[in-house]
Amino acid sequence: MDRPLLSVSRLRVSFAGPSGELQAVRGLDFSVARGECLGIVGESGSGKSVAAAALFGLLGRDARVSGSARLDGAEILQASARERRRSRMAIVFQEPSRSFDPICSIGKTFEETLRVREPRLPSGACRERAARLLAEAQVPRAAERLGSFPHQLSGGLLQRIAIALALANDPELLVADEPTTALDVTIQAQLLALLAELRRERRLALVLISHDLPLVGRIADRLMVMYSGLAMESGSASEVLERPRSPYTRALLDAMPSPGSHYSRGPLRAIAGSVPDPRAVEPGCPFAPRCPDAVPGCLAAVPDLAEEDGVLYRCLFPGVKP
Ligand SMILES: Nc1ncnc2c1ncn2[C@@H]1O[C@H](COP(=O)(O)OP(=O)(O)OP(=O)(O)O)[C@@H](O)[C@H]1O
Ligand SMILES: [Mg+2]
């Protein structure tokens with residue numbers, strides 16, 4: 001098998017705080033192949049964004065990051081800010097405005113980004129390149145947008161422009177952290193279709209982060225379900241959606257409407273209880289306190305990952321409930 005494009009192992013992130021250490025990511029292993037789409041899903045606070053931000057060096061000084069992440073074989077966790085800016089990976093955030101400086105025109109923003117890799121690129125060539133990228137992201141009247149400022153543009157349009165900007169340095173890996181959550185449903189569908197198309201045409205590897213498991217499941221090749229800073233289950237999207245092994249994945253699916261899934265179930269059920277406090281991590285399975293199938297043994301230790309038909313999952317007593 002080819003070496004994966006991105007390979008993350010034993011990624012841990014904690015934050016020092018006045019009331020002790022907050023463990024946001026507790027040992028994450030995953031990889032993404034060239035051209036592949038990995039969906040990372042899980043409830044709010046499960047560590048999805050922190051894990052992504054760690055890869056891009058976007059965490060503040062109070063973050064302690066350990067483990068390894070290799071892009072095309074090169075370690076990126078220890079990379080300098082300059083090396084990171086030049087590396088062939090890009091990120092799009094939930095709030096499109098986060099990708100822009102409010103006092104910088106769209107054209108100027110593209111110019112600065114394009115010159116990270118080509119410092120002497122003339123202004124005319126920058127404008128031309130930017131217009132082409134905007135057109136690729138299906139921004140209507142692309143050339144005209146270069147004179148606009150972020151506040152003059154709608155959220156949906158700005159997110160398209162943020163995607164175009166992310167393509168400026170010809171990434172091989174695009175991480176999209178809840179790229180459509182702040183937008184209405186129609187725009188959401190259009191943007192997801194755009195990401196799927198860009199992925200196909202550019203053979204981009206895509207990491208799509210969302211709390212919406214069925215939505216991501218429709219696009220992703222593989223899914224990783226996170227909870228309390230850990231991967232609870234990962235495998236092909238069809239296996240995970242149709243035959244979830246981890247009770248947490250089952251609970252997530254039960255809590256969401258999913259017209260595309262064959263996983264049959266009754267009415268929607270919210271997951272009782274709340275996510276564990278990352279400042280007071282307990283020794284057992286993090287989902288045990290909310291798990292309908294939990295037994296006292298579940299509280300002893302975090303279950304190791306087990307494998308079944310290519311799916312990795314964490315549960316000491318799997319399959320208790322079909
Ligand atoms: N800069 C920070 N300092 C301290 N704690 C943080 C920081 N950033 C995130 N956290 C904490 O880390 C944990 C994981 O947060 P993260 O943002 O990764 O969750 P998430 O899975 O992306 O959730 P959401 O679906 O709401 O975006 C949370 O408990 C959060 O409060
Ligand atoms: Mg997040």
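What counts, and at which threshold
- Residues numbered from 1 in each chain as written.
- Chains lettered and ligands numbered in written order.
- Predicted model: local features only at pLDDT ≥ 70, side-chain atom pairs only at ≥ 80, totals over all residues.
- Helix = DSSP H or I, 4+ residues; strand = E, 2+ residues; numbered from the N terminus.
- Buried ≥ 20, exposed ≤ 12 C-beta atoms within 10 Å, placed from the backbone.
- Contact = placed C-beta atoms within 7 Å.
- Pairing = 2+ DSSP bridges.
- Axes fitted to C-alpha atoms, helices over the stretch in contact; angles between N-to-C directions.
- pLDDT = per-residue confidence, 0-100.
- Parallel < 35°, antiparallel > 145°, perpendicular 65-115°, else oblique.
- Nonpolar A, V, L, I, M, F, W, Y, C, P; charged D, E, K, R; others polar.
- Near = placed C-beta within 6 Å.

**Student:** Looking at this structure, I do not really get the overall build of the chain. What am I missing?
**Tutor:** A tally of helices and strands in the chain yields 10 helices and 12 strands. Taken along its principal axes, the extent of the C-alpha atoms in the chain is 65 × 40 × 40 Å. Across the 322 residues that make up the chain, the buried fraction comes to 40%. For the chain, long-range pairs separated by at least 24 residues make up 62% of all intrachain contacts whose partners lie at least 6 apart in sequence.

**Student:** What is the right way to read the sheet that holds strand S10 (residues 230–236) from this model?
**Tutor:** Strands pair in a sheet through their backbones, by hydrogen bonds, and they do so in one of two ways: parallel or antiparallel. Strand order in this open sheet of eight strands is S6-S7-S8-S3-S9-S10-S12-S11, and the pairing throughout is mixed. Strands with a single pairing partner mark the edges of an open sheet, and in this sheet they are strand S6 (89–92) and strand S11 (305–308). The sheet shows a mean angle of 20 degrees between the axes of neighbouring strands, direction not considered. Where helix H6 (residues 155–166) meets the sheet, it contacts S6 and strand S7 (173–177), and its direction lies at approximately 170 degrees from that of S6. Of the strands in this sheet, strand S9 (222–227) and S10 are in contact with helix H10 (residues 247–254), which crosses S9 at around 100 degrees.

**Student:** Please clarify how the confidence of the model for the chain should be interpreted in this entry.
**Tutor:** Residues shown with low pLDDT carry predicted positions that ought not to be read at fine detail. When the pLDDT values of the chain are averaged, the result is 91; 95% of them are 70 or greater. Within the chain, S9 carries the highest mean pLDDT (98), whereas helix H2 (residues 81–86) carries the lowest (82).

**Student:** Looking at this model, I keep getting lost on the environment of Ser246. Mind explaining?
**Tutor:** You can see Ser246 is positioned in the loop between helix H9 (237–242) and H10. Residue classification places Ser246 among the buried residues on the basis of 26 C-beta atoms within 10 Å. For the pair Ser246 and Val225, spaced 21 residues apart in sequence, the C-alpha separation works out to 9.3 Å. For Ser246, the contacting residues outside a window of four places in its chain are Val225, Met232, Glu233, Tyr313, Arg314 and Cys315.

**Student:** Please explain the environment of Arg117 as it appears in this structure.
**Tutor:** Here Arg117 is to be found in helix H3 (residues 106–117). Measuring from C-alpha to C-alpha, the distance between Arg117 and Glu128 comes to 16 Å, with 11 residues separating the pair along the chain.

**Student:** Would you explain the packing of H3 against helix H4 (residues 123–136) in this entry?
**Tutor:** Two numbers describe how H3 lies on H4: the axes approach to 9 Å, and their chain directions differ by 105 degrees. Accordingly, the angle class assigned to the pair H3 and H4 is roughly perpendicular. Between H3, through Gly107, Phe110, Glu111 and Leu114, and H4, the contact on the second element is made entirely by Ser123, Cys126, Arg127, Arg129 and Ala130. Each residue belonging to the contact of H3 with H4 can be placed in one class, and the counts come to four nonpolar, two polar and three charged.

**Student:** Is there a simple way to think about the site of ligand 1 in this case?
**Tutor:** Taken together, 14 residues form the shell around ligand 1, and within it Ala24, Ser44, Lys48, Ser49 and Val50 come nearest. At the level of secondary structure, the elements contributing two or more residues to the shell around ligand 1 comprise strand S2 (20–32) and helix H1 (48–55). Top contributing element to the shell around ligand 1 by residue count: H1, with three residues. For the shell around ligand 1, a count of residues per class yields five nonpolar, eight polar and one charged.

**Student:** Help me understand the sheet that holds strand S4 (residues 63–71) in this model?
**Tutor:** Read from one edge of the open sheet, four strands run S2-S1-S4-S5, paired in antiparallel fashion. Taken across any chain shown, the strands that pair with only one partner, and hence form the sheet edges, are S2 and strand S5 (74–75). Where strand S1 (residues 6–17) lies against S2, 10 bridges are found, and the strand directions are antiparallel. Paired with Arg12 across the bridge in S2 is Arg26.

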